[in-house]
Amino acid sequence: MTLRSLLVDFNSYFASVEQQVEPRLRGRPLGVVPMMADTTVCIAASVEAKKFGVKTGTKVGDAKKLCPGIELVVARHELYIDYHHRAVEVVDSVVPVRAVLSIDEMDCELTGRWREPERALRIAHDVKAAIRTRVGEHLRTSIGIGPNTFIAKTASDMVKPDGLVMIREEELPDRLFDLEVRALSGVGKQMERRLHRHGIRTVRDLAGKTKEELHAIWGGVGGDVMWSRIRGEEQHERDGDTHSISHSSVLGPEHRNPEHAYAVLNRLAQKAAMRLRKAGYYAARISVDLKYLDGGHWGAEMRLVDTQDTKTFLAALDQLWAKRPAAKRTILRVGMAYSDFVAEADHTGSLFASEAKSQALYATLDQLNARFGKQAVYFASAHKARDRGGLHIAFNHIPDPKTDK
C-alpha cells in the first residue's frame with residue numbers, strides 16, 4: 001500500500017468559476033483576460049475554448065480567430081480566491097488537505113486503509129461529488145493518486161478535463177517514460193533548455209541518469225529530489241516547500257517598451273525577494289523570460305552565491321537584461337524566477353560580504369510593506385511599475401495580503 005497522495009486539480013479554474021457564477025457563460029467558449037485588448041493574452045481558457053486551440057498565453061486577437069464568438073471577461077481574482085477557500089474546506093471534509101499547492105491545486109493525505117487502491121479511488125469519486133454539490137457543478141476536477149505528491153500531480157495532468165488516474169510505485173519510473181520532461185512539475189522553460197543541453201528530452205532519458213549526474217545538472221539537491229520523485233519515493237518536505245518562486249506580468253498596450261518592461265521586471269524581482277525571505281530560503285539562481293508580441297521567447301539565467309539580498313538580485317537582473325537580443329521586438333510579457341534554494345540551516349553566505357546589516361534592512365523594509373501595503377518602500381528602479389505586481393499576477397500561489405498588495 002504505497003499510495004500516499006491524492007491531488008485535486010481544478011480544470012480551467014478561473015474560467016470555470018466565471019461559468020459557475022454567470023449562467024450565460026456555461027457551455028460556451030470563454031477566455032479570461034487581464035484587460036480588454038486584442039494584443040493582450042488569455043490568462044485562462046474554458047474547456048470549450050481549449051477545444052478550438054485557445055489556451056493560457058494565447059493572444060486575444062488569435063483567440064478570436066481560432067474561436068469566433070469566444071466570450072471574454074476581465075479576471076476577478078478576489079472571486080477566484082473566495083471559491084478557492086470554499087473548495088479547500090469541502091475537500092478537507094472528505095480527505096485531509098495536507099498542502100495547498102496553488103489556487104487550483106491541493107494535495108491530500110492518504111493514510112491507513114485509505115492507501116488501498118479501491119478505497120483511494122472511492123475517496124476520489126467522493127471528492128468530485130462533494131465539489132459538484134457543495135461548491136459548484138461547473139467546477140470540474142482532475143484527480144491524481146500516487147505514492148508521493150509529485151507522482152499524484154503528474155497523474156492528474158494525464159487526463160483532462162474531469163480525469164482520474166492512479167499510478168502505483170511498482171509502475172515507476174516506466175509509467176512516465178514517454179512523457180516530455182516539460183510535463184514534469186518543477187521543470188520550466190529554463191530547466192527544459194538546460195536538460196536538453198544534456199540530451200535529456202523525455203523521462204526515459206531522465207531516468208537513465210544517476211543521482212549524482214542529476215545533482216550536477218540541477219546544480220544542487222534539486223537533482224537528487226527529482227531522481228527520487230520519479231521513482232515514487234516518499235518525500236519529506238516541510239509544509240509549503242517549493243523549488244522556485246516566480247512572478248510574471250502581461251504589459252498593457254501603452255507600456256510595451258523596454259523601459260517600462262524593465263521596470264515591471266525589477267518590481268517583480270523585488271516582490272519575489274520579499275516572498276523568498278518570508279519563506280526562509282536563499283536562492284542560488286535567477287532566471288528571466290520575455291515573451292514577444294510576435295509569439296517568440298527569450299530567456300537567460302545566472303548562478304549566484306545563495307542569497308536573499310534584493311540588491312544582489314537586481315544587479316544580476318541588470319546583467320541578464322543587458323544580454324537580451326538587440327532586435328527591436330515588442331515585449332508582451334515579462335517573467336522572472338528564483339530557484340536552486342538553500343535552507344537557512346545550510347546557508348553559508350559570501351566570504352566577502354557581511355549580511356547582518358542587509359538582513360536588518362530588509363526585515364525593516366518587509367515589515368513596512370506588510371504594515372502599510374502597496375509598496376510603501378521599494379527600490380527606485382521599479383518606480384515606473386509601482387502600480388504593477390498585484391493580485392492580477394497571482395496564479396501560482398494564493399495571494400497573501402501582506403506581500404501581494
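Values in this document were obtained by computation on a predicted structure and should not be read as measured data. (Residues numbered from 1 in each chain as written. Predicted model: local features only at pLDDT ≥ 70, side-chain atom pairs only at ≥ 80, totals over all residues. Heavy atoms only, no water.)

In terms of regular secondary structure, the protein chain is built from 13 helices and twelve strands. For the protein chain, the proportion of its 405 residues judged to be buried stands at 53%. When the accessible surface of the protein chain is totalled, it reaches about 18500 Å², and 51% of it is carbon and sulfur. (Helix = DSSP H or I, 4+ residues; strand = E, 2+ residues; numbered from the N terminus. Buried < 20%, exposed > 50% of the residue type's maximum accessible area, 1.4 Å probe, protein only. Areas by Shrake-Rupley, 256 points an atom, 1.4 Å probe, with all protein chains shown as cover.)

Enumeration over the complete set of coordinates arrives at six aromatic pairs. With a centroid separation of 5.8 Å and 70 degrees between ring planes, the pair formed by phenylalanine 10 and tyrosine 13 is classed as edge-to-face. The two residues phenylalanine 10 and tyrosine 13 agree in class, both being buried. Aromatic pair phenylalanine 313 and tyrosine 338: ring centres 4.0 Å apart, planes at 25 degrees, arrangement stacked. A residue pair is termed long-range when its members are at least 10 positions apart, and phenylalanine 313 in helix α12 (residues 310-322) and tyrosine 338 in strand β12 (residues 331-343) qualify at 25 residues. Of the two residues, phenylalanine 313 and tyrosine 338, neither departs from the other in class, the shared state being buried. (Phe/Tyr/Trp six-rings, centres within 6.5 Å; stacked < 30°, edge-to-face > 60°.)

So, about the side chain of threonine 58. With respect to the helices, strands and loops of the structure, threonine 58 is situated in the loop between α2 (47-50) and α3 (60-66). One polar contact links the side chain of threonine 58 to the main-chain carbonyl oxygen of lysine 55, over a distance of 3.0 Å. (Polar contact = N/O pair within 3.5 Å; in protein donor to acceptor, adjacent residues only side chain to side chain.)

What follows covers the nonpolar core. Grouped together as the largest cluster of nonpolar side chains are 40 residues, with contacts concentrated most on Leu6, Val8, Tyr13, Val32, Tyr80, Val91 and Ile145. Among the secondary structure elements, those contributing two or more residues to this core are β1 (5-10), α1 (13-21), β2 (30-33), α4 (77-94), β6 (105-109), α5 (117-134) and β7 (141-146). The biggest single contributor to this core is α4, with eight residues. Setting aside residues up to four positions removed in sequence, tyrosine 80 forms contacts with Tyr13, Phe14, Val17, Glu18, Val32, Ala75 and Ile103. Residues Leu290, Ala300, Met302 and Leu304 belong to the second largest nonpolar core, which totals 32 residues. (Core = buried A, V, L, I, M, F, W, Y, C linked by side-chain atoms within 4.5 Å. Contact = heavy atoms within 4.5 Å.)

Now for the pattern of salt bridges. The final tally for this structure, using the stated rule, is 23 salt bridges. Linking glutamate 18 and arginine 76 is a salt bridge whose minimum nitrogen-to-oxygen distance equals 2.7 Å. Of the two residues, glutamate 18 sits in helix α1 while arginine 76 sits in the loop between β4 (71-74) and α4, which places them 58 residues apart along the sequence. Residue classification places glutamate 18 among the buried residues on the basis of a relative accessible area of 2%. We classify arginine 76 as partly exposed; its relative accessible area is 33%. Between arginine 285 and glutamate 301 there is a salt bridge; the shortest N-O distance is 3.2 Å. Residue arginine 285 is found in strand β10 (residues 281-292), and its partner glutamate 301 is found in strand β11 (residues 297-307); the two are separated by 16 residues along the sequence. (Salt bridge = Lys/Arg side-chain N within 4 Å of Asp/Glu carboxyl O.)

Another aspect to go through is unusual backbone geometry. In this structure, the amide linkage connecting lysine 160 to the following residue, proline 161, adopts the cis form with an omega of -5 degrees. For proline 161, the location among the structural elements is in the loop between α6 (149-156) and β8 (164-166). With omega at -5 degrees, the peptide bond leading from leucine 172 into proline 173 counts as cis. With respect to the helices and strands, proline 173 occurs in the loop between β8 and α7 (189-197). A positive phi angle, near 45 degrees, is found at serine 12, a position not held by glycine. In this structure, aspartate 162 is a non-glycine residue whose phi angle is positive, near 60 degrees. In this structure, aspartate 162 sits in the loop between α6 and β8.

What follows concerns the sheet that holds β2. Read from one edge of the open sheet, three strands run β3-β2-β4, paired in mixed fashion. This sheet does not close on itself; its edge strands, each paired only once, are β3 (44-45) and β4. Against the sheet, α1 engages β2, β3 and β4, with an angle of about 110 degrees to β2. (Pairing = 2+ DSSP bridges. Axes fitted to C-alpha atoms, helices over the stretch in contact; angles between N-to-C directions.)

Attention now moves to the confidence of the model for the protein chain. Should pLDDT be low for a region, the predicted coordinates there are not to be read in detail. In this model, the protein chain carries an average pLDDT of 86, and 83% of its residues clear a pLDDT of 70 or more. Confidence drops under pLDDT 50 across residues 388-396; counting only partners more than four residues distant or on other chains, this segment forms 34 contacts. (pLDDT = per-residue confidence, 0-100.)

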